[in-house]
Amino acid sequence: MPTILLVEDDPNLGQLVQEYLTMKGYATDRATDGNKGLQEFMTGNYDLCIFDVMMPKKDGFTLAKEVRMGNRDVPIIFLTAKSMQEDTIQGFKVGADDYITKPFSMEELLLRIQAILRRSQRSTDATEPTTYQIGAFAFDYPHQLLTHNGNAQKLTSKESELLKLLAQNLNQPVSRSFALKMVWGDDSYFNARSMDVYVTKLRKYLKEDPAVQLVNVHGEGFKLIV
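The shown structure was predicted, so the numbers you read here are calculated from the model rather than taken from an experiment.

When helices and strands are tallied, the chain shows eight helices and 12 strands. Taking 17 Å as the expected radius of gyration for a compact globule of 226 residues, we find that the chain reaches 19 Å, a close match to that expectation. Dimensions of the chain along its principal axes, counting C-alpha atoms only, are 60 × 35 × 30 Å. When the 226 residues of the chain are sorted by exposure, 45% land in the buried category. At a minimum sequence separation of 6, the contacts of the chain that also span at least 24 residues come to 54%. Working note: accessible area of the chain is about 11800 Å², and carbon and sulfur atoms make up 50% of it. If you average the places of the 26 positive and of the 29 negative side-chain charges in the chain, the two averages end up 5 Å apart.

Attention now goes to the packing of aromatic side chains. Evaluation of the coordinates by the stated rule reveals six aromatic pairs. Between Phe139 and Tyr141, the aromatic rings sit 6.3 Å apart at their centres with planes inclined by 75°, giving edge-to-face as the arrangement. Pairwise contacts between aromatic rings join Phe61, Phe78 and Tyr99 into one cluster. The side chain of Lys164 reaches across the aromatic face of Tyr141, ending 4.3 Å from its centre.

UniProt marks residues 129-226 with the feature "DNA-binding region" (unreviewed entry), using the numbering shown here. Helix makes up 39% of residues 129-226 and strand 29%, and the two end C-alpha atoms of the span are 18 Å apart.

Bringing the sheet that holds strand S11 (residues 213-217) into the picture now. In space, the three strands of this open sheet follow the order S10-S12-S11, with antiparallel pairing throughout. Because the sheet does not close on itself, it has two edges, and the strands there are strand S10 (174-175) and S11. Relative to strand S12 (residues 221-225), S11 runs antiparallel, the two being bridged by five bridges. By the bridge assignment, Gln213 is partnered in S12 with Ile225. Its contacts with the sheet put helix H6 (residues 157-168) on S10, S11 and S12, and the angle it makes with S12 is roughly 70°.

On to the packing of H6 against helix H8 (residues 189-206). Running from amino to carboxyl end, H6 crosses H8 at an angle of 75°, the nearest separation of the two axes being 10 Å. Considered as vectors, H6 and H8 are oriented roughly perpendicular to each other. Mapping the contact onto sequence places Lys158, Glu159, Leu162, Leu163 and Leu166 in H6 and Met195, Tyr198, Val199, Lys201, Leu202 and Tyr205 in H8. A class-by-class count of the residues in the contact of H6 with H8 yields eight nonpolar, no polar and three charged.

Moving on to the nonpolar core. Core analysis: the largest hydrophobic core is formed by 50 residues, its most contacted members being Phe51, Phe78, Ile134 and Leu162. When residues in this core are grouped by element, the largest group, seven residues, is from H8. Leave out the neighbours within four places in its chain, and Leu162 touches Ala179, Val183, Trp184, Met195, Tyr198, Val199 and Leu202. Residues Ile77, Phe104, Met106 and Leu110 belong to the second largest nonpolar core, which totals 19 residues.

Let us now look at the sheet that holds strand S2 (residues 27-31). Taken together, five strands build an open sheet; the order of strands is S2-S1-S3-S4-S5 and the sheet is parallel. A strand with exactly one partner marks an edge of an open sheet, and here the two such strands are S2 and strand S5 (98-101). Pairs of neighbouring strands in the sheet enclose a mean axial angle of 20°, with direction left out of account. Contacts from helix H3 (residues 60-70) reach strand S1 (3-7), strand S3 (48-52), strand S4 (76-80) and S5, with the element oriented near 170° to S4.

How each quantity is defined
Residues numbered from 1 in each chain as written. Predicted model: local features only at pLDDT ≥ 70, side-chain atom pairs only at ≥ 80, totals over all residues. Heavy atoms only, no water. Helix = DSSP H or I, 4+ residues; strand = E, 2+ residues; numbered from the N terminus. Rg over C-alpha atoms; globule rule 2.2 N^0.38 Å. Buried < 20%, exposed > 50% of the residue type's maximum accessible area, 1.4 Å probe, protein only. Contact = heavy atoms within 4.5 Å. Areas by Shrake-Rupley, 256 points an atom, 1.4 Å probe, with all protein chains shown as cover. Lys, Arg positive; Asp, Glu negative; His and termini not counted. Charge placed at Lys NZ, Arg CZ, Asp CG, Glu CD. Phe/Tyr/Trp six-rings, centres within 6.5 Å; stacked < 30°, edge-to-face > 60°. Lys NZ or Arg CZ within 6 Å of the ring centre and 35° of its normal. UniProt positions renumbered as here; feature names shortened; annotations may be inferred. Pairing = 2+ DSSP bridges. Axes fitted to C-alpha atoms, helices over the stretch in contact; angles between N-to-C directions. Parallel < 35°, antiparallel > 145°, perpendicular 65-115°, else oblique. Nonpolar A, V, L, I, M, F, W, Y, C, P; charged D, E, K, R; others polar. Core = buried A, V, L, I, M, F, W, Y, C linked by side-chain atoms within 4.5 Å.

See the structure below:
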C-alpha cells in the first residue's frame, strides 16, 4: 500500500482528502502545519507528499526545501489557493512534481497521484547512491569509510550521517536545525553543541584536500564546498 504524507492546515479539507485517499487504498498520514509535517516526514517512510502552500509556522515551499535536503526523490504535490504564475514557478523551483489550485476535484487529485507514482516506480532503479566523491575523497557511507590517497579513515555513525547529509547537498547550505533533526532527532542545545564537535572532526579529516571546505554559513548552518 503506497504511503502519503498530507500537510494541510484546513481541518475540513485535510480530513476530506485523508479519508478519500484512505478509501482509495493509500495509507495517509496528516499534519496540520509545516513543523509537524517535517517531523512526520523524518519519522516516516513516504511514497509521496502533498503540501499546502500557505500554512502557519512553516509554509509549504520552506517545508519542501527541507524535505529535499534529506530526500531528493520523494514526489511532492502542492495544494494552494494561489493561481499566480510566480507561485507556480516557485513551487517547481523547490522541487514540486505537480501543483493543484484549490478548489479541485478529488478525482483530479487521485489521477495526478497515480500518474506521479507510476513515474516514480519506473525510476526506482535510480536508487540513492551509497558512495560519494568529495573532491579527492571517496566516502563509503555503508562502511563508514572516508578514503584519501589510499588511506582510509573509519568514521563514527554520527560522523557518517552528518557527512552524508552534507554530501547530498554539496555546495548548498544545510540549516543547523534540519541537520540536528535528521541526524540527532531534535535540535536541543545539548545536541547542537555535540554537532559542533562532529563538524570540527569532519573538518580535520577533510583538510587533506585544500579544495574541500566545510564552512559556516551565517544565520543558516553549514555548507560543504568542493
